[in-house]
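# Results of the structural survey
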Amino acid sequence: MAAGYLDILRTRHAARLLAGTLVGRLPNGTAHIAIVLFTRAEGGSYTLAGALAAAYGLATAVGQPLLGRAVDLYGQPRVQLPAAAVSALGMAVLALTGLGSLPVAYAAAVVAGVSTPPLEGGLRALWPSVLGREDRVHRAYAMDAVAQEIMFTVGPLLVTVLVSLWSPAAALLVINAIGVLGALSVVLSEPSRAWRSAPREAHWLGALRSPGLLALLGAFFFVGVALGSITVAGVAYADDHGRESVYGWLMAALGLGALIGGAVYGARQWAGAPERRLRVIVALLALGYLPLVLTPGVPAMTALAALAGVFLAPAIACSFIVVDRHAPRGTVTEAFSWLVTTFGVGAAAGTGVAGPAVELGGTAWSFAVAGAGGVAALLVLLATGRVLADPGRAPAAAAGSENDRNGAAEPGFSSGHKA
């Protein structure tokens, strides 16, 4: 299982880029958790915690595609590092000023979110130049998804440890300082400095002129809803059981389940169209979220959280391939950034809905939001199956995506589609 991943990591620059991107994305991956814990520690309600996290998520959703397009146009170093520094500054203002002035708190969250650097999309744009062969690039997508789950496993634990040792405000400061260092490591690397986007057709819609990409983004909005609602629901569950550490364990279990699922998924070659496979994976993902509404005791709930996470990384890895097949040429960073945006908007909606759900119906209602999000994602994929099945519907100028010039999808993939 590990041989394919080790082959990629032994490639020059690969380990540095992967590690730097993960560290650089730590603030974004833990922001919702850190903001919720910070707000509760400052005496704010669940609704306020959800609203601040939603403001950050919505701002990230706005900033990611804009910064992604800027990266495609001007290169990575000119965009990624300044954005990381401004984002960290926004979080520092929130941590140092607290909730004394809500307009300032919201403004700080918005600045931090809109300036979040598009490191995730940037890494996927770099893989072809670093790894060469398409089969290695596609395996790197799976490894990328697995590595993200390591971050989502370690990130919540790191936040809770920092909160326990110091304070939620200190956690915000430390996490964002680490993020700037990660971005610095990426942009100083040779591949990042040398990378240039492929020529693109001038169009104000950019990557969004692809119908297949729009369909995928619509589905993954609801995956974001599920993940965002779990952030608030997990805190409410921990409060119900009187132990703040329970929240970290639930989030870590969710990430561990995704890590295991992603590792297994990426270790084998898959036949058949990735769009069809994605529908099956998302159906299983939705099925895993539904039992969380039972809210049993801590050991059983931790096990359910791990089970709920098993199909998350496979869904993400498969979505990377689908994005790659449908994105118009010259929009690779922007297209992947739109996927991040989808999660941001969905997570913001999920946190915004889950907060009032806790106060109106209790913890189980907030977990029900996650289950509903998973089901809705599946319904979107089913409703748009015909659009997703034909990557050739992308504009003629972008018949092949930058990372998939031969129309392949994954190692061993055969769809019958010819670009």
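Residues numbered from 1 in each chain as written. Predicted model: local features only at pLDDT ≥ 70, side-chain atom pairs only at ≥ 80, totals over all residues. Heavy atoms only, no water.

### A look at the packing of helix H11 (residues 211–240) against helix H12 (residues 245–266)
Each packed pair of helices is defined by two parameters, the angle between the axes and the distance between the axes. Where we set the bar: With axes taken as lines fitted to C-alpha atoms, and helix axes fitted only over the stretch in contact, angles between N-to-C directions fall between 0 and 180 degrees. A run of H or I in DSSP becomes a helix once it reaches four residues, and a run of E becomes a strand once it reaches two; helices and strands are each numbered from the N terminus. Angles below 35 degrees are treated as roughly parallel, those above 145 as roughly antiparallel, those between 65 and 115 as roughly perpendicular, and all remaining angles as oblique. The sense of a crossing depends on the near helix, which, turned anticlockwise from the far helix by less than a right angle, makes the crossing left-handed and, turned clockwise, makes it right-handed. Contact criterion: two residues are considered in contact whenever any of their non-hydrogen atoms come within 4.5 Å of each other. Gly counts as polar in this scheme, as do all residues outside two lists: the nonpolar Ala, Val, Leu, Ile, Met, Phe, Trp, Tyr, Cys and Pro, and the charged Asp, Glu, Lys and Arg.
Where H11 contacts H12, the two axes come as close as 8 Å, and the packing angle between them is 140°. Judged by the inter-axis angle, H11 sits oblique to H12. As for how H11 packs across H12, the hand of that crossing is right-handed. Where H11 abuts H12, its residues Ile230, Thr231, Gly234, Val235, Tyr237 and Ala238 lie against Val246, Tyr247, Leu250, Met251 and Leu254. Taken together, the residues of the contact of H11 with H12 sort by class into nine nonpolar, two polar and no charged.

### Considering the packing of aromatic side chains
Note the cut-off: Centres within 6.5 Å are what make two rings of Phe, Tyr or Trp a pair, Trp counting through its six-membered ring; a difference in plane orientation under 30 degrees is then read as stacked, over 60 as edge-to-face, and the rest as tilted. Using a 1.4 Å probe on the protein chains alone, a residue whose accessible area is under 20% of its type maximum counts as buried, one over 50% counts as exposed, and one in between counts as partly exposed. Charges are assigned to positions over rings by a cutoff of 6 Å between ring centre and Lys NZ or Arg CZ, combined with an angular limit of 35 degrees from the ring normal.
Under the definition given, this model contains four aromatic pairs. Aromatic pair Phe320 and Phe336: ring centres 6.1 Å apart, planes at 85°, arrangement edge-to-face. Of this pair, Phe320 sits in helix H15 (residues 312–326) while Phe336 sits in helix H16 (residues 332–361), and the two are 16 residues apart along the sequence. For the pair shown, Phe320 and Phe336 are each scored as buried. In this structure, Arg40 is placed above the aromatic ring of Tyr46, and the distance from its NZ or CZ to the ring centre is 4.1 Å.

### Side note on unusual backbone geometry
The phi torsion at His13 lies on the positive side, around 80°, for a residue other than glycine. The class of His13 is partly exposed, set by a relative accessible area of 22%. The phi angle at Thr295 is positive, at roughly 40°, despite the residue not being glycine. Mapping Thr295 onto the fold places it in the loop between helix H13 (274–289) and helix H14 (298–309).

### Let's talk about H13
The following threshold applies: A helix is expected to span 1.5 Å multiplied by its residue count minus one.
With 16 residues, H13 ought to run about 22 Å at 1.5 Å a step, and its terminal C-alpha atoms sit 22 Å apart, in line with that. Buried within H13 are the following residues: Pro274, Glu275, Arg277, Leu278, Ile281, Val282, Leu285, Ala286, Gly288 and Tyr289. The inward-facing, buried residues of H13 contact H11, H12, H14, H15, helix H17 (363–383) and helix H18 (385–388).

### What about the nonpolar core?
Let me state the cut-off plainly: Working definition of a nonpolar core: buried Ala, Val, Leu, Ile, Met, Phe, Trp, Tyr and Cys residues. They are joined through side-chain atoms within 4.5 Å.
Among the nonpolar cores identified, the biggest contains 122 residues, and Trp127 and Phe220 are the most heavily contacted of them. No other element matches the 15 residues that H11 contributes to this core.

### Side note on the pattern of salt bridges
Going by this rule: Salt bridges are defined as contacts in which a side-chain nitrogen from Lys or Arg sits within 4 Å of a carboxyl oxygen from Asp or Glu.
If you walk through the whole model with that rule in mind, you get eight salt bridges. Across the pair Arg69 and Glu334 runs a salt bridge, and its minimum N-O distance is 2.9 Å. With Arg69 in helix H4 (residues 46–74) and Glu334 in helix H16, this pair connects stretches of sequence that are 265 residues apart. Looking at Glu334, the relative accessible area reads 1%, which means it is buried. Notably, a salt bridge pairs Arg325 with Glu275, separated by 2.9 Å at the nearest N-O pair. Of the two residues, Arg325 is situated in helix H15 and Glu275 in helix H13; the sequence distance between them amounts to 50 residues. Of the two residues, Arg325 and Glu275, neither departs from the other in class, the shared state being buried. In the salt-bridge network here, residues are joined through shared partners; they are Arg25, Glu120, Arg124 and Asp144.

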